Every structure is written in C-alpha cells, then in structure tokens.
Amino acid sequence: MRDFLPADKSRRERVLAVIRDRYRGHGFDEIETPVMEEYGRLHAGIGGDNEKLAYNVLARGLDAEAIRAAADDPAALTDLGLRYDLTVPLARFYASHRAALPSVFRAIQIAPVWRAERPQKGRYRQFVQCDIDIIGDATARAEAELIVASLDALDALGLEGGAVRVNDRRVLDAMLSAFGFGEAERPGILITIDKLDKVGVDGVVAELRDRGAAESAVAGFERLLRLPAPEEAVFGADHIRARLPEGVSTEIIDHLVGIGEAVRAARPAAGEIPLVFDPFLVRGMGYYTGTIFELAHPSVSYSLGGGGRYDGMIGRFLGTDVPAVGFSLGFERLVDLLGVADAGQQPAVVLVHDRDVPLDELLAAKAHVVATGARVRLEQRPKNVKAMLERAAADGYTSFVSLRAGDDIAALEPRSLDA
C-alpha cells in the first residue's frame, strides 16, 4: 500500500481522466460500490485464488471467549471483507438495483481493491482497478463494445497499436474433451496451460505428465501445442478452426468471428482486425463462462488488461441468470508505462512574490492567473530561487510569475521554467 507524492498523484489522475472520457464516450455510466462486502459473498467460490488473498474484517461484538472458540473458523470470526476485485461487487450491485437500471447496463467502475499479496515489483496490496462491464447482452456486440472502447482508451493515452488476444472457455473445454482429458481433472489442466508463457511447451507437457494425465491425451495436446503459429494473424473462421481439433462447436466459432467483424467495422482506420485468436489463453478466474481476452501492446511483453464473459455470476445473487461480460485495464501498469508524459496537462504556474507584497495584491494576482485556466502555487521568494523553481518543476509546474509590491497585475506574464 503506497503513498503518492503530488506529481505522481497528478499523473495518475490525468491517466484516469483520459480513460473515463473514452469510456463515457462509448456510453458507459460510472457507479460506486462500498469498499467492503459480506464475507459470504466474497468467499462464495467464484473469486478463484483471490478469495485466499481477501482481507477479512473481524465481526463486531466478539469477546475473547468467542474469538478463541472460533479461532479455526474464519467465517465465524468475520462478517465483512475488503473487496479483492470489482466484479463480485458489481454482481451484487446489479442484483440489488436491477429494477432501476436499463435492460442492457453498461457500467464503469474505477476504484481501489485490496489483496494480501506478497509485496514485490508490480504487485501491490492496494491497487486501482479500472473496469467496464455490460450486463444483459448475450450477443457478440457486448464483447465488441468492450474491446473497441478499451482500444480507444489505449489510443487516447498515446499507446496506439494495441491488440487483443481472444479465446473462449468453451473452446478450451471442447479441446480438452477432444483429447480425452477427464472433466474432473480439467481445472488443474487449465492451471498448467495458463503457465505456457512462463514455462514453454516442454514445461507444460512435463507438468501434465506429472499430474498423471493420460499419455494419449498429453501426446495429442502436445501436437497441437507444437503446431507453428500462422504467419499472418487473420482473425477469421478458417484461421480459428485451423488451430483447433475437430469437434469444436460452429456456434462458438461464429461468435468469435462476429466479434472480429464488429471490431473491424468500428475501427476501419486500423486496417486488419486488432484481434489475435489464442487457443491457449486461459485467464485464471473460475467464473468465466465464454469469451476471454487480454490486451497486448508491442512495447511490453506483459498484458495491459483483460476480461471475459461471466454469465453465471449474477444468477448466484439474483436467482436468475443474466448475461454479463467485462474488461479491466491494468491501471497500475499503464501509469508505469506512460511515465511522466504531460500531454494535455493543465498549465501550472508558480507565483513567486516578495515578502512585502500586500495580501490584497497577492490574492488579486493569484486570481488573475487562475482566471487564465492555470493552477497556481504561491511561493514567497527565498534566497535560493533556483532550487525552489527546480522543486516546483519536479512537482509538475511549468512556468512562474514574479510579483513585487505595486506591480501591474494585468501585465503579469508567466515565464517557462525551462527558460
């Protein structure tokens, strides 16, 4: 969990402003949910390994004897917990407010979440998630809207050239079934396949054998893993089918193709469809039921976001299944990647004044500069003006004004800190 100095906070807010603007432009509406949810909801078996990382809140009113009696039962000790993602709260939110929402609801959620991670580079115990979700639309339109909006946000941040890796959990199930992997062993098999980028084909095959999977199933799957990737990533039915074993439903492939056609229509200037079919993309969350995707950019080897369809989750709270799909941008990774870019930043001026400037003149001068659209910091002139201005530049200020008693306020002109 981190503190942010003013320059860091300013940069984060600029990134958030761009993302919000793009998402709102695509018709998504922002909501807010509490930072805590009921313990049972956070531990309902739909959050995968994140449930193990949840921060739980001790139930109120427990005395020492009650705590000792329930020491081995977290559910008896706690009644609330900090949210570990924004998807579970959204499902609860929709179930609670469905009557007040449109039949197809497009939500923005940008907020901190908490996980009891082991702190290391790129992994934090508190971090911001930046989600958009569409609830109530089972068609390919929903996935296409999410992908187009997320790619537009990436473009607006100056990261053109992004692409989305796409797969479907039903494709994975059909593929594992075709090779003869038993249904009971598939969750573990998917965990192994998800390590492909880290351990390679040899590592995945070795781990499948270590798991005790049937040799015929492993051998068949290994042949598919070792097929050379196509030279051109054409996102079409023939290309998708060529990378799969026999028996995968045409309906699933048509759904994927429909997403691609819609994305291409929405982004004609991009030329080729910015989608890549990856039959080995897994994504670890157990609540995904259909399409899954990850956002890639050529400047980095890791993903900048991802998501998928989770049609079964809301039904856990509502009692009636409702189609839902979401996309989450990796906000912390985006901020790190973007560095200190200040494109479009509000002008920021340091008003350096002498000690004897009357208060009414000082505040009138500040109001004059604020009225130009700049933000203004007052600084009494120190002995070392250069050091003060260097510190201000590090905080994101771009120019300064020098004010002495009796100066003509209307004639004040900011000078660049780079001059």
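In this text the structure is predicted, and so the values were computed from the model without any measurement.

## Description of the pairing of strand E9 (residues 291-296)
It is a general feature of regular strands that their side chains alternate between the two faces of the sheet. Most of E9 is tucked away: 5 of the 6 residues are buried. When strand E7 (residues 163-168) meets E9, the two strands line up antiparallel, connected through 6 bridges. Note that in E9 the partner of arginine 165 across the bridge is glutamate 294. As paired elements, E9 and strand E10 (residues 305-309) share 4 bridges and run antiparallel to each other. Paired with glutamate 294 across the strands is glycine 306, a residue of E10.

## Quick word on the nonpolar core
Of all hydrophobic cores here, the largest spans 95 residues; its most connected members are Ile19, Tyr23, Ile147, Phe181, Phe221, Leu275 and Leu329. Top element by residues in this core is helix H6 (residues 140-156). It accounts for 10 residues. Setting aside its immediate chain neighbours within four residues, phenylalanine 221 contacts Met175, Phe179, Phe181, Ile193, Leu208 and Phe280. With 11 residues, the next largest nonpolar core counts Val349, Leu351, Val376 and Leu412 among its residues.

## Topic: the packing of aromatic side chains
Per the counting criterion, the structure on display carries 6 aromatic pairs. For the pair phenylalanine 93 and phenylalanine 105, a centre-to-centre distance of 6.4 Å together with 20 degrees between the ring planes defines the contact as stacked. Here the residue phenylalanine 93 occupies a position in helix H5 (residues 87-97), and phenylalanine 105 occupies one in strand E5 (residues 105-114), the gap between them amounting to 12 residues. The pair phenylalanine 93 / phenylalanine 105 is uniform in exposure class, with both members buried. Ring plane angle 70 degrees and centroid distance 5.9 Å describe the contact between phenylalanine 179 and phenylalanine 221, whose orientation is recorded as edge-to-face. In this pair, phenylalanine 179 is assigned in helix H7 (residues 169-179) and phenylalanine 221 in helix H10 (residues 215-225), connecting sequence segments 42 residues apart.

## Some thoughts on the pattern of salt bridges
On inspection of all chains with the given rule, the structure shows 33 salt bridges. Between arginine 2 and glutamate 332 there is a salt bridge; the shortest N-O distance is 3.0 Å. Of this pair, arginine 2 sits in the segment before helix H1 (6-25) while glutamate 332 is found in helix H14 (residues 331-338), placing the two residues 330 residues apart along the sequence. For arginine 2, a relative accessible area of 30% corresponds to the partly exposed category. Between glutamate 37 and arginine 92 there is a salt bridge whose closest N-O contact spans 2.9 Å. Highlighted residues: glutamate 37 in strand E2 (residues 36-38) and arginine 92 in helix H5, separated in sequence by 55 residues.

## Here we look at H14
Phe331, Glu332, Leu334, Val335 and Leu338 are the residues of H14 that are buried. Projected down its long axis, H14 shows its buried positions confined to an angular sector of 160 degrees, all on one face.

## Overview of the side chain of arginine 83
Tracing the sequence through the fold places arginine 83 in the loop between strand E4 (78-82) and H5. One buried charged side chain, arginine 83, makes no salt bridge at all; its nearest oppositely charged neighbour is glutamate 37, positioned 6.4 Å away. A distance of 3.0 Å separates a polar side-chain atom of arginine 83 from the backbone oxygen of proline 34. There is a polar contact of 2.9 Å between the side chain of arginine 83 and the backbone oxygen of proline 112. Arginine 83 has contacts with Thr33, Pro34, Val35, Leu42, Pro89, Ala111, Pro112, Val113 and Trp114, leaving out every residue within four places of it along the chain.

## Some words on the sheet that holds strand E15 (residues 415-416)
Judged by pairing direction, the sheet is mixed, and its 4 strands sit side by side in the order E13-E12-E14-E15 without closing on themselves. Looking at strand neighbours, the two that pair on one side only are strand E13 (375-380) and E15, the edges of this open sheet. Pairing between strand E12 (residues 348-353) and strand E14 (residues 399-403): 5 bridges, direction parallel. Considered in E14, the bridge of histidine 353 is made with leucine 403. Its contacts with the sheet place helix H15 (residues 359-370) against E12, E13 and E14, and it is angled at close to 150 degrees to E13. In this fold helix H16 (residues 385-394) packs onto E12, E13 and E14, with an angle of close to 160 degrees to the strand it touches most, E12.

## Some thoughts on the pairing of strand E11 (residues 324-329)
Across the 6 residues that make up E11, a large majority, 6, are buried. Side chains of E11 alternate between two faces, with Ala324, Gly326 and Ser328 and Val325, Phe327 and Leu329 buried alike. Of the strand pairs in this sheet, strand E6 (residues 126-135) and E11 are connected by 6 bridges, and their pairing is antiparallel. Bridged to isoleucine 134 within E11 is valine 325. With 5 bridges connecting them, E10 and E11 associate as antiparallel partners. Counted as the bridge partner of arginine 309 is valine 325 from E11.

Conventions adopted
Residues numbered from 1 in each chain as written. Predicted model: local features only at pLDDT ≥ 70, side-chain atom pairs only at ≥ 80, totals over all residues. Heavy atoms only, no water. Buried < 20%, exposed > 50% of the residue type's maximum accessible area, 1.4 Å probe, protein only. Helix = DSSP H or I, 4+ residues; strand = E, 2+ residues; numbered from the N terminus. Pairing = 2+ DSSP bridges. Core = buried A, V, L, I, M, F, W, Y, C linked by side-chain atoms within 4.5 Å. Contact = heavy atoms within 4.5 Å. Phe/Tyr/Trp six-rings, centres within 6.5 Å; stacked < 30°, edge-to-face > 60°. Salt bridge = Lys/Arg side-chain N within 4 Å of Asp/Glu carboxyl O. Arc of directions from axis to C-beta. Lys, Arg positive; Asp, Glu negative; His and termini not counted. Polar contact = N/O pair within 3.5 Å; in protein donor to acceptor, adjacent residues only side chain to side chain. Axes fitted to C-alpha atoms, helices over the stretch in contact; angles between N-to-C directions.

Just geometry here; none of it tells us what the structure is for.
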